[in-house]
Structures are given as structure tokens and as C-alpha cells.
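Okay, here's what each chain looks like letter by letter:
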Amino acid sequence: MFFYLAETQPGRGRVVGPSIQGMPDPRPSTLLILGASGDLAARLLMPGLGMLLAHEPKRRVQLIGSGVEDLTDAEWKKRVKSSFDSEGAKGPAVTATLKNTKYIKADVTAKADLEGLLAACDNPPALYFALPPAITEKACAQLAKIELPDKTSLALEKPFGTDERSAKRLNTLLLTIVPESRIHRVDHFLGRSTVLNLLGLRFANRLIEPMLSNRDVESIEIVYDEQLALENRARYYDHAGALVDMIQSHLLQVMAVLVMEAPATLRAEDVRDQKQLALRATHLWNDDPSTSRRARYSAGSVAGRKLPAYKNEDGVDPALGTETLAEVVVEVRNMRWAGVPILMRSGKALASHRREIIVTFKAPSHVPPEFKTLKTADRLRICIAPDEMSLELNVNGPGDPYVIDRATLKADFNPGDLPAYGEVLQGILDGDATLSVRGDAAVEGWRIVAPVLKAWKSGTVPLDEYPAGSNGPKSWPTGAAEATPAKR
Ligand SMILES: O=C1O[C@H](COP(=O)(O)O)[C@@H](O)[C@H](O)[C@H]1O
């Protein structure tokens with residue numbers, strides 16, 4: 001049974017930040033992409049920028065690309081155009097950026113090259129490091145020796161460090177270059193419209209917010225299962241694995257938005273403070289890393305595409321024992337959430353895309369005994385992609401009034417006009433850090449998963465296998481309640 005609850009009006013995806021409708025036109029800005037000849041820039045950053053420009057015709061952005069590759073300006077422009085075209089980005093702002101964009105070959109670990117790049121910027125630049133973390137760190141060490149234009153900002157992709165210590169070290173280095181408010185640790189999940197709209201769902205409704213606590217919630221699952229496999233990313237992925245690639249970063253950030261207390265305003269510092277308090281209270285379920293699970297795919301086929309076993313994929317070192325599916329259960333130990341298991345799971349080469357948050361509510365304290373077939377709990381289902389929210393409830397079914405049926409109250413909301421990277425770039429160019437990760441939160445992410453990484457390294461948690469195209473290992477429990485042994 002489906003009831004369409006509401007359909008939101010088309011409009012902006014973004015609900016926070018200084019560029020809310022009615023605010024002045026954005027200032028001209030410069031985006032300097034370091035590592036611009038790479039895959040991230042072509043596939044995500046430049047298409048995101050194209051959409052932002054298409055959406056805001058008055059925005060003026062000088063785009064400078066830099067890399068170690070030899071590229072003529074014409075070749076560079078062709079790449080930028082093809083990235084813009086991939087999203088169908090058009091309009092005066094798109095044309096203006098395309099006309100003036102340039103490419104500068106540079107070694108970003110050399111101070112003189114960095115100075116040359118900075119001299120080419122018409123405005124205080126946003127330096128976007130689309131580079132491997134080790135090179136980013138070296139480039140930052142050089143930047144620290146240069147006097148930068150006031151209001152320069154830095155944007156860094158994940159992974160931010162490799163553990164708590166290295167993340168702290170990187171934070172310290174970055175703070176010698178610019179203040180925290182101008183450091184954007186990019187997490188594109190924070191730019192996804194569903195995640196942004198969690199703020200509205202939670203803090204603009206009398207109905208939902210009081211229900212979100214251990215009084216009424218039985219368990220929470222945050223799942224990001226993908227059909228995608230390695231997709232030629234072995235160099236990065238084989239050293240990250242599903243836990244670091246998705247849970248340590250994106251899913252913990254999503255969880256923080258879901259469970260944080262209401263911020264007084266939606267300004268960056270208020271939102272980030274509340275997220276940080278939630279992350280600081282987050283611990284492994286029972287403090288026990290053996291409640292985590294890991295597995296990697298064996299040969300199989302996903303949606304008709306044949307895949308080799310992960311260990312036989314190009315560029316993979318089987319000795320590393322990298323997982324392609326990870327599951328971790330945590331608890332947020334505060335008054336609101338203590339005792340509620342929160343399961344986070346993400347994996348690749350799975351049977352279907354399942355990208356959702358499920359909040360399962362407790363059973364009513366008393367159900368009239370006449371009601372038959374009351375088996376399933378109420379659920380709030382928030383689909384991260386495609387954007388969808390629904391409330392699954394028990395109602396009287398047709399015919400026999402004592403037979404309970406399921407009804408779904410479904411809110412189809414507009415996915416927003418900007419892709420996640422468009423939202424993220426908007427924040428970076430406008431100096432709004434709401435949608436990026438604060439330094440202490442990045443450290444906290446590593447602190448939460450550290451015992452799991454340690455247990456996996458020592459082999460105390462087995463590396464299971466699942467055929468590509470399946471739903472994961474058959475032996476794994478389904479759902480947060482089954483995955484959590486009783487608390488001590
Ligand atoms: O950051 C990452 O995210 C993607 C999933 O996000 P999506 O927006 O592309 O659906 C994931 O496939 C990738 O491994 C990870 O590095």
C-alpha cells in the first residue's frame with residue numbers, strides 16, 4: 001500500500017550556507033586544481049563546477065588547472081569543456097569560465113612552482129588538492145613557507161591521513177597555512193541532497209525529532225552497497241578497503257548528521273560542533289572489534305558484467321587482504337542514543353545498489369491482542385540515492401479489520417539542482433565550511449575505527465568471501481539487531 005505523503009517543490013538542494021536565495025551574488029573567485037589532469041578532476045570536480053556555474057549564471061570563477069602532464073591550453077580547454085558537457089552545463093558563467101581557463105604545468109612539491117601558480121590567480125584562490133595524500137602533504141609543507149594571499153583556502157580529498165596520529169599531524173601542518181575556517185576536508189556525502197535534507201527532516205518537524213532517541217528507536221542501519229567493483233582504482237582502493245573508503249569517512253559523517261543534537265543555527269560552526277559531540281560519544285558496540293565483519297568478492301557477475309575475484313583484479317596485491325565489504329556496529333554513548341545499535345555497512349560488487357538509512361522503531365508498549373499478523377516494526381527509510389524518504393507503518397488491511405497490513409507514506413523530494421560536488425564546490429568558493437569535515441572530526445573518525453583496523457590486521461576477524469553479484473556472505477546476520485551481541 002502506498003500513500004504519497006508530499007512532493008516537495010523543485011528548488012535548491014542546499015538548505016544551508018551563505019548563498020541562500022536572496023543573498024548577494026557570489027564574489028569572483030579562483031579555483032586552482034592541483035592534480036587537474038587526473039580522474040577525480042575530470043569525472044567529479046569539473047562536472048560539479050560546470051553544474052554550479054550553470055545554476056548560478058552570475059557566478060564568475062577563474063579556473064586554473066595544474067598537473068605534471070604536458071598540456072596545451074587548447075587541450076586543457078577541451079578537457080574542461082568535455083567535463084562541463086558531460087552534465088549538459090551551459091550558460092554565461094560556464095562560457096566565461098571556459099574562455100579564461102588555463103593550464104599550468106607544475107611540480108606542486110616545489111616552492112617556486114607553487115609561487116608561479118599563485119601568481120597566476122586573479123583572486124585569493126581555493127587550492128583544491130586532487131592528489132594522492134602523500135603529495136598533498138609535501139605540497140602543504142612547501143605552502144607553509146609561502147606568504148599566501150589573504151582568504152586563500154585549501155580543499156583536501158579523503159583519505160585525510162592514515163590514522164589518528166597522521167590526521168592530527170596534517171591538521172597541525174594545515175593550521176600553519178590558513179585558519180581552520182578556510183580548510184575544507186571534502187566529504188561529498190555531506191553535499192548529497194538527502195544528507196542535507198536530514199537537517200530539514202529532523203529540525204523542522206515537531207513529529208519526527210522527538211521520536212529519534214533510545215526511547216523509541218530499536219536500531220539504525222546506514223548502508224551503502226554498490227554494484228560498482230574496483231573500476232581501475234586498485235592503486236588507491238587496495239590500500240584503503242571498504243572500511244576506510246566508506247565507513248571511516250562518509251558513513252560516520254552521515255551518522256553524525258543523523259544523530260547530532262539540534263544546532264542553534266545552521267552556520268558552519270554550530271553544525272560542526274554538534275556533529276563533533278556526536279562523534280566523540282561514538283564507540284564500537286561493546287567496545288568489541290570482533291562485532292565487525294569483513295569480506296571480499298570472489299569471481300561472479302554483477303548485472304550481467306563478469307568480474308574476476310578481487311584478488312585477481314589488475315593492480316591488486318592479494319597479500320594485503322583488502323576487504324571489499326565491511327560492517328561495523330557502533331553506539332553513541334549519550335543520553336539520547338545509548339543502547340541503540342547503529343550498523344554501518346558498505347561494499348562493492350554486490351547484487352544491487354542499496355544506499356539507505358533505516359531507522360527501526362520499537363514495538364508499541366501494548367498491542368491489542370486481537371490484532372493479527374503484527375510482525376514488522378515501524379521504519380523510517382531514508383534513501384541516499386535515489387533521494388527518497390518513506391515511513392513504513394502498520395495499518396488495518398482491507399477486509400478483516402484485525403489483520404494488520406503495511407502502508408508506506410512516501411515523500412518524493414526533489415533531488416536538488418546540484419550534484420554533490422557542485423554543493424561542495426559552492427561551499428568552498430563561498431568560504432562556507434558547513435559541508436566539509438572539521439579537523440577534529442577527521443581525527444575522531446580514525447579514533448572510532450582504530451580498534452577494528454587493529455583487529456583486522458592481527459587476523460582476529462576472518463576475511464570472508466562472497467561471490468560478486470551476491471548480497472554478501474550468507475553466514476552474516478542481517479540487520480543491526482542480529483549483528484549485536486547482548487551488551488555487557
Ligand atoms: O568516495 C567514494 O564514494 C563512492 C560512492 O559515492 P557516489 O557518490 O559515487 O555514489 C564510492 O564508490 C567510492 O569507492 C568512494 O571512494
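Residues numbered from 1 in each chain as written. Predicted model: local features only at pLDDT ≥ 70, side-chain atom pairs only at ≥ 80, totals over all residues. Heavy atoms only, no water.

Novice: In this structure, what is going on with helix H7 (residues 193-203)? I would like to understand it.
Specialist: Along an α-helix, a turn takes 3.6 residues, which lines up residues three or four apart on a common side. Buried residues dominate H7, accounting for nine of its 11 residues. Among all positions in H7, only Ser193, Thr194, Val195, Leu196, Asn197, Leu198, Leu199, Leu201 and Arg202 are buried. Buried residues in H7 make contact with helix H8 (234-259), strand S15 (354-361), strand S16 (379-383), strand S17 (388-396) and helix H10 (420-429). (Buried < 20%, exposed > 50% of the residue type's maximum accessible area, 1.4 Å probe, protein only. Helix = DSSP H or I, 4+ residues; strand = E, 2+ residues; numbered from the N terminus. Contact = heavy atoms within 4.5 Å.)

Novice: Can you walk me through the side chain of Gln274 in this structure?
Specialist: Inspection of the secondary structure puts Gln274 in helix H9 (residues 268-280). Gln274 sits in the buried class, given a relative accessible area of 18%. In contact with Gln274, other than residues within four places in its own chain, are Met260, Glu261, Ala262 and Pro263.

Novice: When you look at the nonpolar core in this model, what are you seeing that I'm missing?
Specialist: Grouped together as the largest cluster of nonpolar side chains are 105 residues, with contacts concentrated most on Phe129, Leu143, Leu154, Ile220, Ile222, Met255 and Ile357. Here the element with the most residues in this core is H8; it accounts for 16 residues. Here this core spans two domains, since at least three of its residues come from each of domain 1 (9-157) and domain 2 (192-429 + 436-483). Counting residues in hydrophobic clusters, the runner-up holds 33 residues, among them Met51, Leu52, Ala126 and Tyr421. (Core = buried A, V, L, I, M, F, W, Y, C linked by side-chain atoms within 4.5 Å. Domains from an automatic or database assignment.)

Novice: Looking at this structure, I do not really get the domain arrangement of the protein chain. What am I missing?
Specialist: Frequently, the measure chosen for interface size is the accessible area that the parts lose on association. Splitting the protein chain by domain gives domain 1 (9-157) and domain 2 (192-429 + 436-483). Opposite the 28 residues of domain 1 that make contact, domain 2 presents 17 residues. Counting each side, the surface lost to burial between domain 1 and domain 2 is near 2000 Å², with a carbon and sulfur contribution of 66%. On the surface where domain 1 and domain 2 come into contact, there are zero salt bridges. Inspection of the region where domain 1 meets domain 2 yields two residue pairs in polar contact (both at pLDDT 80 or more). When residues of the side of domain 1 that touches domain 2 are traced back to their parent elements, those giving at least two are strand S2 (29-34), helix H1 (39-55), strand S5 (125-129) and strand S6 (153-156). (Buried area = accessible area lost by both parts, 1.4 Å probe. Salt bridge = Lys/Arg side-chain N within 4 Å of Asp/Glu carboxyl O. Polar contact = N/O pair within 3.5 Å; in protein donor to acceptor, adjacent residues only side chain to side chain.)

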